[in-house]
Amino acid sequence: MKKNLLILVIGMITVSAANAQIDFSNMRVDVGMNYTMYKGDFQEKTPGVKVRLSVPASEKAVLGLGFTYGFPIKIPSEVTFSGGGTVPSEIVYKFKTISLEFDYYFGGENEEGFSIYASGRAGLVLVNWKEELKGNAPSGQTPEDLLDPGSDNGFSLNLALGGQYSLGKIRLFGDAGIAVPANQVNGQYVENVIPAHFVFNAGIRISLGQGSDY
């Protein structure tokens, strides 16, 4: 099911790009805040920032490329040493997401006032982690369970619903959605370390240039 939805979103973006009369002189820039709530075994949440470049593909459709940076998630822990003692530590996770996005406006993308849109997003989620000691290691002892630094990535599918209020070339927007890991390839299960998560975005959208506004 998740694989089919991911293919559908990517297909919508590809078909729209192929058929659209894209005017890059009418590019939009989004700058806003992000808040992500991770589910499953991870159960952590973090604020962040998101930027996006987008262009209208038609009166109702927009294609975009986004980047989300989540502020570090810090989880208290402790490390056991060879002498039997423990030292407090902190495990730090950092998430970043690169996303291809397709927005569909139920009224019109350039409509004055308030408008509602649905968004399909295919994302590449990058995560890295490391554990840092928060105290002094016992002299002559070695850590037995210190987490090695590492990184991983996985694809996700995000479906969202949002609203936009137009003030001319500046628009206020906000949306909320759910992202699920894409963990099937050709009908086969593949490991995806990225947990499902709820995503909230809000910010300003600025029109650049003097291109057509459909």
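To start, this report covers the structure provided alongside it. Values in this document were obtained by computation on a predicted structure and should not be read as measured data.

1. Re the overall build of the protein chain
Across its full length, the protein chain holds one helix and 11 strands. Residues counted as buried form 39% of the 214 residues belonging to the protein chain. At a minimum sequence separation of 6, the contacts of the protein chain that also span at least 24 residues come to 68%. Per element, the accessible surface of the protein chain, about 11200 Å² overall, is 62% carbon and sulfur.

2. Here's the deal with the nonpolar core
Counting eight residues, the largest nonpolar core is built from Tyr-38, Ile-73, Ile-91, Tyr-93, Phe-95, Val-125, Val-127 and Ile-194. Sorting elements by how many residues they give to this core places strand S5 (residues 86-105) first, with three residues. Leaving out residues up to four positions away in the same chain, Phe-95 has contacts with Tyr-38, Phe-42, Thr-68, Tyr-69, Gly-70, Ile-73, Val-125, Leu-126, Val-127 and Ile-194.

3. Some words on the pairing of strand S1 (residues 28-38)
Note on strand geometry: in a regular strand, side chains alternate between the two faces of the sheet. Sheet analysis places S1 next to strand S2 (residues 45-56), joined by 10 bridges and oriented antiparallel. In the sheet register, Asp-30 faces S2, and the bridge partner there is Arg-52. In textbook terms, the turn of a hairpin is the stretch between consecutive antiparallel strands, and for S1 and S2 this stretch comprises six residues, one of which, Gly-40, has a positive phi near 70°. The sheet contact formed by S1 and strand S11 (residues 197-207) spans 11 bridges and is antiparallel. The residue bridging Val-31 from the neighbouring strand is Ile-204, located in S11.

4. Looking at empty space enclosed by the protein
The tally for this structure, following the rule as stated, stands at two cavities of 30 Å³ or more. Considered as a void within the structure, the largest cavity measures approximately 240 Å³ in volume. As for the largest cavity, its lining consists of 23 residues, of which Thr-68, Thr-97, Asn-158, His-197 and Val-199 are closest to the centre. Within the residue set of the lining of the largest cavity, elements represented by two or more residues are S1, S2, strand S3 (61-70), S5, strand S6 (113-133), strand S7 (150-167) and S11. Broken down by element, the lining of the largest cavity gets its largest block of residues, five residues, from S5. Roughly 80 Å³ of volume is contained in the second largest cavity. What lines the second largest cavity is a set of 13 residues, and nearest its centre among them are Asp-30, Lys-50, Arg-52, Phe-173 and Asn-201. Considering only residue class, the lining of the second largest cavity consists of four nonpolar, two polar and seven charged.

Cut-off values and rules
- Residues numbered from 1 in each chain as written.
- Predicted model: local features only at pLDDT ≥ 70, side-chain atom pairs only at ≥ 80, totals over all residues.
- Heavy atoms only, no water.
- Helix = DSSP H or I, 4+ residues; strand = E, 2+ residues; numbered from the N terminus.
- Buried < 20%, exposed > 50% of the residue type's maximum accessible area, 1.4 Å probe, protein only.
- Contact = heavy atoms within 4.5 Å.
- Areas by Shrake-Rupley, 256 points an atom, 1.4 Å probe, with all protein chains shown as cover.
- Core = buried A, V, L, I, M, F, W, Y, C linked by side-chain atoms within 4.5 Å.
- Pairing = 2+ DSSP bridges.
- 1 Å grid on protein atoms, 1.4 Å probe; cavity = no way out; pocket = protein on both sides within 12 Å on 5 of 7 lines; lining within 4 Å.
- Points joined across faces, edges and corners; volume = space filled by probe spheres on them.
- Nonpolar A, V, L, I, M, F, W, Y, C, P; charged D, E, K, R; others polar.

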